[in-house]
Amino acid sequence: MSSSNIYQGSESFRVRLVLSILSGRPIRIVKIRTQGDNPGLHEYEAGFIRLLDKITNGTKVEVNETGTAIYFQPGLLVGGPIEHDCSCQRGIGYYLESVMQLAPFCKKPLKIVLRGVTNDQVDTSVDALKCVFFPILRRFVVDDEGLDMKINRRGAPPLGGGEVFFSCPVRKQLRPFQFLDPGLIKRIRGTAYAVQVSPAMANRMVESAKGLLLKVIPDVFITTDHRKGVGKKGSPGYGIVLIAETTKGAFLVAESSSNPINSGKPPSVPEDIGLEAANRLLQEIYRGGCVDSNCQSSTLLFMALYQKDVSKIMTGPLSPYTIKFLRTLRDFFGTQFKVETKQRSHEEEDLRTGCDKVILTCIGVGYTNLSKTVA
């Protein structure tokens with residue numbers, strides 16, 4: 001195996017495996033947490049590998065005895081009906097984000113049920129992924145019939161108990177994409193959820209968040225979602241997800257959730273949770289752009305896989321995760337993005353339209369869904 005197919009460390013673990021499947025290149029990852037107190041693959045990473053094995057056919061995985069090195073030879077994306085129990089060490093969003101990136105390129109439409117933690121403080125929640133990823137996915141696929149996601153049950157850490165259903169149609173190729181005008185914020189929507197706690201928790205978060213957001217825009221509507229959970233299998237928790245929609249169809253999201261029980265952290269106050277989410281949303285609006293910072297990497301991936309034509313998008317400042325993603329994407333597909341800073345005019349500065357934006361341009365590699373052509 002060439003040195004270009006060998007990577008070190010646990011950083012960008014999901015990205016490397018996803019790009020390995022899409023490119024068909026086998027990879028080897030070595031020195032996984034060799035210097036840490038808990039060396040080797042963690043439970044949630046092993047679970048992620050098992051999930052990829054279910055989605056594909058012919059994938060070969062070899063892990064050494066200590067779990068500090070892995071050889072991954074990708075198979076073909078098959079899709080179809082799948083069920084998977086996610087590790088409660090990470091949220092379902094950790095798994096679902098990668099599944100959404102692979103789903104359009106499966107042989108059969110993917111219909112997957114994931115069980116575990118739906119909302120936590122580490123990973124993007126399933127609510128946020130649905131709000132910001134679905135609009136982007138609809139721009140790339142010609143027909144979104146069959147694109148759906150349902151939160152059957154909510155689950156909070158550490159015990160989880162949540163269940164999410166996701167389905168996606170398959171496409172042979174992606175359609176063109178240029179998105180340079182995010183528009184202006186026209187409304188804010190949101191959901192305050194409470195699992196195995198009093199419904200009053202959700203109402204208190206709503207009032208706190210609205211108290212700040214109504215000072216910025218008059219059209220604010222936040223619903224409440226109270227779930228009783230699944231008995232002894234679940235954990236109590238609560239949180240709030242806020243979405244800002246623009247006049248041009250861009251979506252920006254922010255969220256906040258309570259501290260898990262038995263985590264050593266003090267109990268969360270609902271008013272603080274609501275206020276924290278509102279402040280995060282205002283910060284996301286200030287950064288701006290046509291896609292949310294959580295969705296930058298997935299958007300750039302689809303742009304790189306598009307036909308051999310030019311795609312453009314304007315975003316806010318690139319997140320550190322996105323910058324690392326671009327480097328890994330270049331390793332697998334040789335795709336390079338032209339990155340330009342869009343300076344604000346004096347009029348925009350007077351209107352306080354946020355920070356400087358970034359325009360990313362690339363020529364797609366002409367990726368074709370080979371799995372779909374297999375009989």
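None of these values were measured; they are calculated from a predicted model. The numbers attached to residues start from 1 for each chain and follow its sequence in the written order. At least 70 in pLDDT is required for a residue's local features to be given in this predicted model, at least 80 for side-chain atom pairs to be given and counted, and no such filter applies to totals for whole chains, interfaces and linings, which use all residues. Note that water and hydrogens are dropped before the side-chain values are worked out from all heavy atoms of the structure.

A. Region of the structure containing the sheet that holds strand β9 (residues 148-153). Pairing within the open sheet is mixed, and its four strands lie in the order β7-β8-β10-β9. For this open sheet the edge positions go to β7 (79-85) and β9, each flanked by a neighbour on one side alone. Here the strands of the sheet are splayed against their neighbours by 10° on average, with no regard to which way each runs. Throughout, a residue-residue contact means that at least one pair of heavy atoms, one from each residue, lies within 4.5 Å. The angle between two axes is taken between their N-to-C directions and runs from 0 to 180 degrees, where each axis is a line fitted to C-alpha atoms and a helix contributes only its stretch in contact. Going along the chain from the N terminus, every DSSP run of H or I of four or more residues is numbered as a helix, and every run of E of two or more is numbered as a strand. The strands touched by helix α2 (residues 43-55) within the sheet are β7 and β8 (108-116), with β7 carrying the most contacts at an inclination of about 160°. Across the sheet, helix α3 (residues 92-102) lies against β7, β8, β9 and β10 (162-168), angled at about 175° from β8, the strand it touches most. The criterion for strand pairing is that DSSP finds at least two bridges linking the strands in question.

B. Highlighting the side chain of Arg16. Relative to the helices and strands, Arg16 is located in helix α1 (residues 13-23). With residues near it in sequence (within four places) discarded, Arg16 still touches Tyr7, Gln8, Gly9, Glu11, Ile27, Ile29, Thr328 and Phe332.

C. Layout of unusual backbone geometry. The linkage connecting Pro157 with the following residue, Pro158, adopts the cis geometry, with an omega of 10°. Here Pro158 shows up in the loop between β9 and β10. For Lys31, which is not glycine, the phi dihedral falls at a positive 55°. Note that Lys31 resides in the loop between β2 (27-30) and α2. One non-glycine residue, Arg33, lies in positive phi territory at about 55°. Checked against the element boundaries, Arg33 lands in the loop between β2 and α2.

D. Quick look at the packing of α3 against helix α4 (residues 126-140). One way to put it is that α3 packs onto α4 with a least axis distance of 9 Å and a crossing angle of 25°. Considering their axes alone, α3 and α4 lie roughly parallel with respect to each other. The two elements α3 and α4 meet at a crossing, and its hand is right-handed. The segment α3 lies against α4, with Ile92, Gly93, Leu96, Glu97, Met100 and Gln101 engaging Val126, Leu129, Phe133 and Phe134. The class makeup of the residues in the contact of α3 with α4 is seven nonpolar, two polar and one charged. Should an angle fall under 35 degrees it is taken as roughly parallel, and over 145 as roughly antiparallel, whereas 65 to 115 is taken as roughly perpendicular and any remaining angle as oblique. By definition, any crossing whose near helix is turned counterclockwise from its far helix by less than a right angle is left-handed, and any crossing with a clockwise turn is right-handed. Under the scheme applied here, ten amino acids are nonpolar (Ala, Val, Leu, Ile, Met, Phe, Trp, Tyr, Cys and Pro), four are charged (Asp, Glu, Lys and Arg), and all others, including Gly, are polar.

E. Molecular detail of the environment of Tyr367. Along the chain, Tyr367 falls in the loop between β18 (357-363) and α10 (370-373). A relative accessible area of 16% means that Tyr367 is categorised as buried. If sequence neighbours within four positions are ignored, Tyr367 has contacts with Leu22, Phe105, Lys172, Gln173, Leu305, Tyr306 and Phe333. Pairs of N or O atoms within 3.5 Å make up the polar contacts considered here, provided that, within protein, one atom can donate a hydrogen while the other can accept it, and that residues adjacent in sequence are counted only when both atoms are side-chain atoms. In this structure the side chain of Tyr367 is engaged in a polar contact, spanning 3.1 Å, whose partner is the backbone oxygen of Leu22. The buried label goes to any residue with under 20% of its type's maximum accessible area, the exposed label to any with over 50%, and the partly exposed label to all in between, with areas taken from a 1.4 Å probe on protein chains only.

F. Main features of the pattern of salt bridges. Any carboxyl oxygen of Asp or Glu within 4 Å of a side-chain nitrogen of Lys or Arg constitutes a salt bridge here. On inspection of all chains with the given rule, the structure shows 20 salt bridges. With its nearest N and O atoms 2.8 Å apart, the salt bridge here joins Arg187 to Glu245. Separated by 58 residues along the polypeptide, Arg187 in strand β12 (residues 185-195) and Glu245 in strand β14 (residues 237-246) bring together distant segments of the chain. Assessed through its relative accessible area of 30%, Arg187 is described here as partly exposed. Between Arg189 and Asp219 there is a salt bridge; the shortest N-O distance is 2.9 Å. In this pair, Arg189 sits in strand β12 while Asp219 sits in the loop between α5 (200-213) and β13 (220-227), placing the two residues 30 residues apart along the sequence. Relative accessible area serves as the criterion here: at 29%, Arg189 is assigned to the partly exposed category. Beyond isolated ion pairs, a larger network of salt bridges with shared partners links Glu83, Asp85, Arg115, Arg153 and Glu163.

Geometric values such as these leave the question of function open.
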